[in-house]
Amino acid sequence: MDVLYAFIKSQELRALNEPTSPRPDAATAIFNLPDYRVTGTEVLAFGQRRIRVVATAEAGCPSCGVISTRVHSRRSQRLRDIPVAGPVEVVWAKRRFFCDEYLCPRRTFTEETAEVPRRARSTRRLREALVAAVIGSGRAAAEAASSFGVSWWLVQRALDSAALTLPDVDALAPRMLGIDEHRYRSVRFFRDPATKAWKRALRG
Ligand SMILES: [Zn+2]
């Protein structure tokens with residue numbers, strides 16, 4: 001009995017210490033949007049569901065890379081997303097953080113994730129699904145748009161940006177190489193370009 005109790009306590013402690021738990025709650029697991037946790041759901045008219053989410057990824061300042069945990073404010077942003085067992089309306093309680101790095105000229109910054117980069121209004125998985133529907137399945141942009149319940153220009157924009165992410169490397173001419181002195185000295189975290197995960201940099 002004592003062994004079982006100790007085991008349960010250790011699992012509870014683990015859960016407390018792991019914000020991105022490998023065993024998320026049921027709604028988060030079913031919704032399955034990487035780096036987001038479901039905080040609430042509402043059923044709207046016509047059975048449409050509103051899913052409220054918060055980001056779980058660490059927020060790094062885009063100017064200096066330093067991770068911040070001090071929240072300045074929150075605002076709701078609607079996101080277009082793929083249908084999840086029917087159409088959904090996603091509302092992200094997006095946080096603005098203070099940058100506490102005293103050398104950094106940026107006072108605050110808004111969080112972003114790999115799924116929803118800066119200025120995006122739709123999830124990456126929706127944009128990828130639209131591109132796959134048109135390029136992979138040979139469906140017309142308008143048909144893909146109506147089946148996902150989005151406008152044709154969102155499909156067109158997803159196609160345009162997919163084309164832009166596949167540049168001809170031989171045609172690329174870097175104009176500038178190097179890194180800003182201030183940024184070099186103050187970065188303590190960096191984002192792995194392959195995994196989009198924040199990593200701690202060795203301080204030198
Ligand atoms: Zn900063």
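Note that the structure is predicted; figures quoted are calculated from it, not measured. (Residues numbered from 1 in each chain as written. Predicted model: local features only at pLDDT ≥ 70, side-chain atom pairs only at ≥ 80, totals over all residues. Heavy atoms only, no water.)

Asks: Break down helix 4 (residues 141-148) for me, with residues and values.
Replies: Looking only at helix 4, the buried set comprises Ala144, Ala145 and Phe148. The buried side chains of helix 4 occupy one side of the element, clustering within an arc of 100 degrees when seen end-on. Exposed positions of helix 4 whose direction lies more than 90 degrees from the buried face are Ala142 and Ser146. Where helix 4 terminates, the next one or two residues include Gly149, which has phi positive at roughly 70 degrees. (Buried < 20%, exposed > 50% of the residue type's maximum accessible area, 1.4 Å probe, protein only. Helix = DSSP H or I, 4+ residues; strand = E, 2+ residues; numbered from the N terminus. Arc of directions from axis to C-beta.)

Asks: Can you explain the coordination of the zinc ion? Please cite residues and give values.
Replies: For the zinc ion, the full set of protein donor atoms is Cys61 (SG), Cys64 (SG), Cys99 (SG) and Cys104 (SG), and the range of their distances to it is 2.3 to 2.4 Å. Every donor counted, the four donor atoms about the zinc ion form angles of 99 to 115 degrees at the centre, which fits tetrahedral coordination. Motif for the zinc ion, donor spacing along one chain: C-x2-C-x34-C-x4-C. Residue Cys64 is located in the loop between strand 3 (59-60) and strand 4 (67-68), and its partner Cys99 is located in the loop between strand 6 (88-98) and strand 7 (108-110); the two are separated by 35 residues in the primary sequence. Neither residue differs from the other here; Cys64 and Cys99 are each classed as buried. (Donors = N, O, S within 2.8 Å, 3.2 Å for Na, K, Ca; no water. Tetrahedral: all angles 85-135°; square planar, octahedral: opposite > 155°, others 65-115°.)

Asks: Describe helix 3 (residues 124-136), naming the residues involved and giving the relevant values.
Replies: Those residues of helix 3 lying buried are Arg125, Leu126, Arg127, Leu130, Val131, Ala133 and Val134. Looking one or two places after helix 3, you find Gly138, whose phi comes out positive at around 65 degrees.

Asks: Describe the pattern of salt bridges, and please don't skip the residues or the numbers.
Replies: A full pass over the atoms with the stated rule returns nine salt bridges. Note that Arg50 is salt-bridged to Glu42, the shortest N-O span being 3.1 Å. Measuring nitrogen to oxygen at the nearest pair gives 2.6 Å for the salt bridge that ties Arg125 to Asp81. Here the residue Arg125 occupies a position in helix 3, and Asp81 occupies one in the loop between strand 5 (71-79) and strand 6, the gap between them amounting to 44 residues. (Salt bridge = Lys/Arg side-chain N within 4 Å of Asp/Glu carboxyl O.)

Asks: Help me get a handle on the packing of aromatic side chains, residues and values and all.
Replies: This model, assessed by the stated rule, comprises two aromatic pairs. Consider the rings of Tyr36 and Trp92, whose centres lie 5.1 Å apart with planes at 85 degrees: the pair is edge-to-face. Here the residue Tyr36 occupies a position in strand 1 (residues 36-43), and Trp92 occupies one in strand 6, the gap between them amounting to 56 residues. Where Phe97 meets Phe109, the ring centres are 5.8 Å apart and the plane angle is 25 degrees; that geometry is what we call stacked. (Phe/Tyr/Trp six-rings, centres within 6.5 Å; stacked < 30°, edge-to-face > 60°.)

Asks: I'd like a rundown of the side chain of Glu89, residues and numbers included.
Replies: Within the secondary structure, Glu89 sits in strand 6. A polar contact is formed between the side chain of Glu89 and the side chain of Arg50, at a distance of 2.8 Å. Ignoring any residue separated from it by four or fewer positions in sequence, one finds Glu89 in contact with Leu44, Gln48, Arg49, Arg50, Ile51 and Arg78. (Polar contact = N/O pair within 3.5 Å; in protein donor to acceptor, adjacent residues only side chain to side chain. Contact = heavy atoms within 4.5 Å.)

Asks: Please provide a residue-by-residue account of unusual backbone geometry, values included.
Replies: The residue Ala85 is not glycine, and still its phi comes out positive at about 55 degrees. Position of Ala85 relative to the elements: it lies in the loop between strand 5 and strand 6. Even without glycine at this site, Arg119 takes up a positive phi of about 70 degrees. Position of Arg119 relative to the elements: it lies in the loop between strand 7 and helix 3.

Asks: How would you summarise the confidence of the model for the protein chain if you had to cite specific residues and measurements?
Replies: Residues at a pLDDT of 70 or more form 73% of the protein chain, whose mean pLDDT is 80. Taken together, the stretch residues 180-187 has pLDDT below 50 and engages in 12 contacts with residues farther than four places along the chain or on a different chain. (pLDDT = per-residue confidence, 0-100.)

Asks: An account of the environment of Ala26 is requested, with residue identities and associated values reported.
Replies: Counting through the fold element by element, Ala26 comes out in helix 2 (residues 26-31). Measuring from C-alpha to C-alpha, the distance between Ala26 and Val38 comes to 9.0 Å, with 12 residues separating the pair along the chain.

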